[in-house]
Structure formats: C-alpha cells, structure tokens
Amino acid sequence: MDLPAPKVVVFDLDGTLVDSDAALVAPFVQLGVDPADITFGHAVAEECARLGISMSDYVGAYDTKVVEAFDGVQTVLDAVPRWAVCSNKHPESGRAELERLGWEPEVAMFADEFGWAHKSLPPVLERLAVGPAEVLMVGDSNGDLHCAEQVGCDFAWAGWNPRVAEAGPGGTVLDRPSVLLWLLGIFD
Ligand SMILES: [Mg+2]
C-alpha cells in the first residue's frame, strides 16, 4: 500500500460493515427466487431485474432490523476520523440501517444516487472533496474493487467476511477490521 496513509476510508456497506448476506437473500426467496441464483455485490435494481422481481416488492420485504456489524467494525468506525459509505443498496433499506446502528458517515451514497446502475466513486470523492490518493476503499466484491481501480485509489478486502476469506482474492486482504487502524496510522 502506498504512503502516505489515506485520509478517508470509503466503505461498502453490505458484506463489509454489516453481515447482511442472510438479510439480502430472505426477500428474494420470499418472492420465489431460487437461492442458487442469488449473488452479491450488484446494484439492487439490476439484481431485481435479473431475477425477475419488482424492486419495490423486494424493498418492502427487506427487514431493516436484523443486520449487525461484523465484530470489530464499531471500534474502527469510532476511531477513523473521516469515513463514508458507498453502496449499491436501496436508500430506504440502507439509510434505515445506518440510523438503527447509530452510524453517521460523512457521506453516504446509495443506489438512487448512481442512477440505479452500479455505484462508482467519483461522486463520492467529489462530495468528500478529496482526490483518489487520499482514499482507501474497503469492500467485499469485485464491483467494489472495480470502483477503486476506476479512480486509482487504494483498495482493501474485508477479509473478516468469511465469503471473502474463502475466495482468497489477491491484493490487500484485511483479516480483521482493526488492521485498518494500523494502515491508517491510528494506534490508540
Ligand atoms: Mg458488499
């Protein structure tokens, strides 16, 4: 990873800050989708279209009260001076979860702000008023990696997600959230 340490961390939400696979799958299954067809990391509208269901039905069936933070995430969020959320999730679901978890990222952008297509970092960085050299993106999907590659910022995998650990991707894989504090030079 390049020095100096990034000043801002942009986190994906699902599968990165929160352990949400089961919560994301439940509405699809409730709406008749074969669990084998469900994958993660897509823009919610695109995934609903691919699976042949209505996004409003999906959002209506999504339970915003069940996901929890991965172990160690809260400590990191308490310590990182500047952080943001960049997510493919529906804003109604994502913002309800941020509120329930008591999280107040400096910037939180959801699927509606990316025209319902796959998210990207340029509008997030613009709102943060930072350049890519000042940013570390943390995520759990190839789409997250692509976001970082597109702008040329550092990227680290949320290796605390068992799905990531099992896939064993290349690059920087963090085995627990607290490693981020070392990467950012925050030691206390
Ligand atoms: Mg994710």
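Rules behind the numbers
- Residues numbered from 1 in each chain as written.
- Predicted model: local features only at pLDDT ≥ 70, side-chain atom pairs only at ≥ 80, totals over all residues.
- Pairing = 2+ DSSP bridges.
- Helix = DSSP H or I, 4+ residues; strand = E, 2+ residues; numbered from the N terminus.
- Axes fitted to C-alpha atoms, helices over the stretch in contact; angles between N-to-C directions.
- Core = buried A, V, L, I, M, F, W, Y, C linked by C-beta atoms within 7 Å.
- Buried ≥ 20, exposed ≤ 12 C-beta atoms within 10 Å, placed from the backbone.
- Domains from an automatic or database assignment.
- Contact = placed C-beta atoms within 7 Å.

This brings us to the sheet that holds strand β5 (residues 107-109). Ordered in space as β5-β4-β1-β6-β7-β8, the six strands form an open sheet in which the pairing is parallel. The sheet is open, and its two edges are formed by β5 and β8 (172-174), each paired on a single side. With direction set aside, neighbouring strand axes in the sheet form an average angle of 25°. Sheet analysis places strand β7 (residues 154-158) next to β8, joined by three bridges and oriented parallel. Looking at β8, one finds that Ala158 is bridged to Leu174.

To continue, consider the nonpolar core. The biggest cluster of nonpolar side chains holds 45 residues, and the ones touching the most others in it are Val10, Ala84 and Met137. Taken together, domain 1 (8-19 + 66-183) and domain 2 (21-61) each give at least three residues to this core, which thus spans both. Once residues within four sequence positions are removed from consideration, Ala84 is found in contact with Val8, Val10, Pro105, Glu106, Val107, Ala108, Val124 and Leu128.

What follows covers the domain arrangement of the protein chain. The domain architecture assigned to the protein chain consists of domain 1 (8-19 + 66-183) and domain 2 (21-61). The distance between the C-alpha centroids of domain 1 and domain 2 comes to 21 Å. With 18 residues of domain 1 in contact, the opposing surface of domain 2 contributes twelve residues. With three residues, the top contributor of residues to the side of domain 1 that touches domain 2 is helix α7 (residues 142-151).

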